[in-house]
Amino acid sequence: MKKESLDLVVRELLERSGSLAKIKLENNFPGNRIAGGKYSMGTHTITLYMEEIMKQCQQLFSSADRFLDYFTVVFAHELGHAEDTELEELANYLDSCITEQERCLTALKIEENAWAFAEKLLPDMDKAFMQKIIYHSLKPYREQLQVEPA
């Protein structure tokens, strides 16, 4: 994927969202999981991990043909975290949760907020494509709670 295409998506979504978050594109996530992106509240920075986004796209769609769309959806989701007015309060609450149920519900709410923002930011994105990504992203949270999607 050409860096120019990725940069164009980043510029377009930053402009559309009005976000002032800093954006970093890196090759690999430094942890043990396949995380496509990460938002840091402390520095108001979104880091996107190209190899992980590629792996996720291939795992979910058995192809990298829609990598740019997948990248766009992941970035919109991370912008959702960056622009979530409830995030700081939810993150603080997450740190103080006593039960595992509270932690799981709060983590799910954080993710659902970011996805709701992404959906509004990408009204022209293929709905089935985006819903499949959202479903699989939220699935582990819902499984912990044994909750089905609304």
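Rules and cut-offs
- Residues numbered from 1 in each chain as written.
- Predicted model: local features only at pLDDT ≥ 70, side-chain atom pairs only at ≥ 80, totals over all residues.
- Heavy atoms only, no water.
- Salt bridge = Lys/Arg side-chain N within 4 Å of Asp/Glu carboxyl O.
- Helix = DSSP H or I, 4+ residues; strand = E, 2+ residues; numbered from the N terminus.
- Buried < 20%, exposed > 50% of the residue type's maximum accessible area, 1.4 Å probe, protein only.
- Pairing = 2+ DSSP bridges.
- Axes fitted to C-alpha atoms, helices over the stretch in contact; angles between N-to-C directions.
- Contact = heavy atoms within 4.5 Å.
- Phe/Tyr/Trp six-rings, centres within 6.5 Å; stacked < 30°, edge-to-face > 60°.
- Lys NZ or Arg CZ within 6 Å of the ring centre and 35° of its normal.

Per the counting criterion, the structure on display carries eight salt bridges. In this structure, Arg66 engages Asp126 in a salt bridge whose closest nitrogen and oxygen atoms are separated by 3.3 Å. You can see Arg66 sitting in the loop between helix 2 (50-61) and helix 3 (67-82) and its partner Asp126 sitting in the loop between helix 5 (100-121) and helix 6 (127-145), a full 60 residues away along the chain. A relative accessible area of 29% places Arg66 in the partly exposed class. In this structure, Arg142 engages Glu112 in a salt bridge whose closest nitrogen and oxygen atoms are separated by 3.2 Å. Residue Arg142 is found in helix 6, and its partner Glu112 is found in helix 5; the two are separated by 30 residues along the sequence. The structure contains a network of salt bridges with shared partners spanning Arg66, Asp69 and Asp126.

With that settled, the discussion passes to the sheet that holds strand 2 (residues 37-40). Read from one edge to the other, the open sheet built from three strands follows the order 1-3-2, with strand pairing classed as mixed. Because the sheet does not close on itself, it has two edges, and the strands there are strand 1 (22-26) and strand 2. Between one strand axis and the next, the sheet turns by 15° as a mean value, whatever way the strands run. Note: strand 2 against strand 3 (residues 45-49), four bridges, orientation antiparallel. By the bridge assignment, Ser40 is partnered in strand 3 with Thr45. Sheet strands in contact with helix 2 are strand 1 and strand 3, and its direction is about 60° off that of strand 3.

Relative to the elements of secondary structure, Glu52 occurs in helix 2. Exposure remark for Glu52: the relative accessible area of 5% places this residue in the buried category.

Turning to the packing of aromatic side chains, a few remarks are in order. Applying the stated criterion to the full structure yields five aromatic pairs. With a centroid separation of 6.2 Å and an interplanar angle of 75°, the aromatic rings of Phe61 and Tyr70 are classed as edge-to-face. Pairing Phe71 with Phe75 gives two aromatic rings, centres 6.4 Å apart and planes at 25°, and the pair type is stacked. Here Phe75 and Phe71 lie together in helix 3, a separation of four residues that amounts to about one turn. In this pair, the class of Phe71 matches that of Phe75, namely buried. Here Arg66 stacks its cationic end above the ring of Phe129, 3.9 Å away from the centre of that ring.

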